[in-house]
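# Chain and residue survey
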Amino acid sequence: MPKKSKSRKRAVRIKVRKSDVHGHGVYAMELIPKGTRIIEYMGQRVSWEAAPNDENDPHTFNFGLDNGEVINPEIGGNDARWINHSCDPNCEANEEDDRIFIDAIRDIEPGEELFYDYALEIDEPITEESKKKFACYCGSPNCRGTMLDIS
Ligand SMILES: C[S@@+](CC[C@H](N)C(=O)[O-])C[C@H]1O[C@@H](n2cnc3c(N)ncnc32)[C@H](O)[C@@H]1O
Ligand SMILES: [Zn+2]
C-alpha cells in the first residue's frame, strides 16, 4: 500500500555565525523568496516581571507579546534569538496567536544576514540618552541611530 504523503514544509536553510553588526547573527544559506516564513521565535513564555531583565543592559533576548507576556529564548529557544536589528530590514516579526514568526519582506540572497526592525519600547520617555543606550550599528543609509521605536 502506498505511504500517506505528508505535506510538511521544508525548513529554510539558515546559519548562525559572527556578524559585522553585532555578536552573532543569522545568515541565509539559500535564496529566501519574499513572503517566506523563515523561523519561529521560540522560548519560554513568562510575565514581564519574571523575564530576565537588566534595565541598564541594552543587550536583550526578550521578545514582548501583545498579551503582556515575554518570550525568553534562553530557555527552549532556537536560532531566531540571534537575528539582529536593522533600520532597513529584510524580514519582519509577525505575531499570530501569541506566537512570533520571522518572515522575509523581500527576496534575500544566499549569504545575506537576516534582520528585522526591533522597534524596542521602553517604559521611560525617549531621550537622547536612551537612544544612545540602545544605539544601532546597522550601518544602513537610513539608520535612525537607535533600536528604539521613535515613530
Ligand atoms: C536577540 S540579540 C541578537 C544576537 C546578538 N547579536 C548576540 O550575539 O547576542 C539582541 C541584541 O543584539 C544587539 N544588537 C542587535 N542588533 C543590533 C544593532 N543593529 N546595533 C547594535 N546592537 C545590536 C543588541 O545588544 C540587542 O539587544
Ligand atoms: Zn540602524
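Each chain carries its own residue numbering, running from 1 in the direction its sequence is written. As a convention, the first chain written is A and the first ligand written is 1, with the rest following in written order. At least 70 in pLDDT is required for a residue's local features to be given in this predicted model, at least 80 for side-chain atom pairs to be given and counted, and no such filter applies to totals for whole chains, interfaces and linings, which use all residues. The side-chain quantities take in all heavy atoms of the structure and omit both hydrogens and water.

Attention shifts here to the overall build of the protein chain. By the criteria applied, helices consist of DSSP H or I runs no shorter than four residues and strands consist of E runs no shorter than two, each listed in order from the N terminus. Along its length, the protein chain carries one helix and 10 strands. Starting at the N terminus and walking to the C terminus, you meet the elements of the protein chain as β-β-β-β-β-β-β-β-β-β-α. With the C-alpha coordinates of the protein chain rotated into their principal frame, the extents come out at 65 × 35 × 25 Å. Taking all 151 residues of the protein chain together, 36% fall into the buried category. Any pair of residues with heavy atoms lying within 4.5 Å of one another is described as a contacting pair. Long-range contacts, defined as pairs at least 24 residues apart, comprise 63% of the intrachain contacts of the protein chain with a sequence gap of at least 6. Per-residue and other accessible areas follow the Shrake-Rupley method at a 1.4 Å probe size, with only the shown protein chains counted as cover for residues. As displayed, the protein chain offers around 9700 Å² of accessible surface, 48% of which is attributable to carbon and sulfur atoms. Counting 20 positive and 29 negative side-chain charges, the protein chain places the centres of these two groups 11 Å from one another. Note on classification: 1.4 Å probe, protein chains only; a residue is buried when its accessible area is under 20% of the maximum for its type, exposed when over 50%, partly exposed between these limits. When charges are counted, Lys and Arg are positive and Asp and Glu negative, with His and the chain ends excluded. By convention, the point assigned to a charge is CZ for Arg, NZ for Lys, CD for Glu and CG for Asp.

Take the environment of Ser 140 next. Checked against the element boundaries, Ser 140 lands in the segment after helix 1 (128–133). As a C-alpha pair, Ser 140 and Asp 88 span 52 residues in sequence and 6.3 Å in three-dimensional space. Here Ser 140 is in contact with Ser 86, Cys 87 and Asp 88, once residues within four sequence places are set aside.

Here the focus is the coordination of the zinc ion (ligand 2). Because no water is among the atoms considered, metal sites can look incomplete, with donors defined as N, O and S atoms within 2.8 Å of the metal, or 3.2 Å for Na, K and Ca. Coordination of the zinc ion (ligand 2) by the protein is provided by Cys 87 (SG), Cys 136 (SG), Cys 138 (SG) and Cys 143 (SG), with metal-donor distances spanning 2.3 to 2.4 Å. In the primary structure, the donors to the zinc ion (ligand 2) are separated according to the pattern C-x48-C-x1-C-x4-C. Judged by its relative accessible area of 26%, Cys 143 is partly exposed.

Pairing of aromatic rings covers Phe, Tyr and Trp, the last through its six-membered ring, and needs centres within 6.5 Å; plane angles under 30 degrees mean stacked, over 60 mean edge-to-face, and all others mean tilted. The tally for this structure, following the rule as stated, stands at four aromatic pairs. Seen in terms of ring centroids, Phe 61 and Trp 82 are 5.5 Å apart; in terms of plane orientation they differ by 85°. Their pairing is edge-to-face. Here Trp 82 lies in the loop between strand 6 (69–72) and strand 7 (84–85) and Phe 61 lies in the loop between strand 4 (44–47) and strand 5 (63–64), a separation of 21 residues in the sequence. In this structure Phe 61 comes out as buried when scored by relative accessible area, which is 16%. For the ring pair Tyr 116 and Tyr 118, a centre distance of 5.1 Å and an interplane angle of 45° mean the geometry is tilted. Judged by its relative accessible area of 21%, Tyr 118 falls in the partly exposed class. Put simply, the rings of Tyr 41, Phe 63, Tyr 116 and Tyr 118 pair up and form one aromatic cluster. Sitting above the plane of the Tyr 27 ring, Arg 17 keeps its charged end 3.7 Å from the centroid. Positioned above the aromatic ring of Phe 101 is the side chain of Arg 37, whose terminal nitrogen or guanidinium carbon lies 4.1 Å from the ring centre. In this scheme, the term charge over a ring applies when either NZ of a lysine or CZ of an arginine sits within 6 Å of the ring centre and within 35 degrees of the ring normal.

This next bit is on the site of ligand 1. For this description, a residue counts as near a given molecule or strand if any of its non-hydrogen atoms is within 4 Å of it. Near ligand 1 you find 19 residues, and of these His 24, Pro 58, His 59, Asn 84 and His 85 are the closest. By the criterion applied in these results, polar contacts are pairs of N or O atoms within 3.5 Å in which, for protein atoms, one can donate a hydrogen and the other can accept it, and in which residues neighboring in sequence qualify only through two side-chain atoms. A distance of 2.7 Å separates a nitrogen atom of ligand 1 from a polar atom in the backbone of His 24. A distance of 2.9 Å separates a nitrogen atom of ligand 1 from a polar backbone atom of Tyr 137. Burial of ligand 1 by the protein chains amounts to 95% of its free accessible area of 570 Å². Residue type decides the class: Asp, Glu, Lys and Arg count as charged, Ala, Val, Leu, Ile, Met, Phe, Trp, Tyr, Cys and Pro as nonpolar, and the leftover types, Gly among them, as polar. Considering only residue class, the shell around ligand 1 consists of 11 nonpolar, seven polar and one charged.

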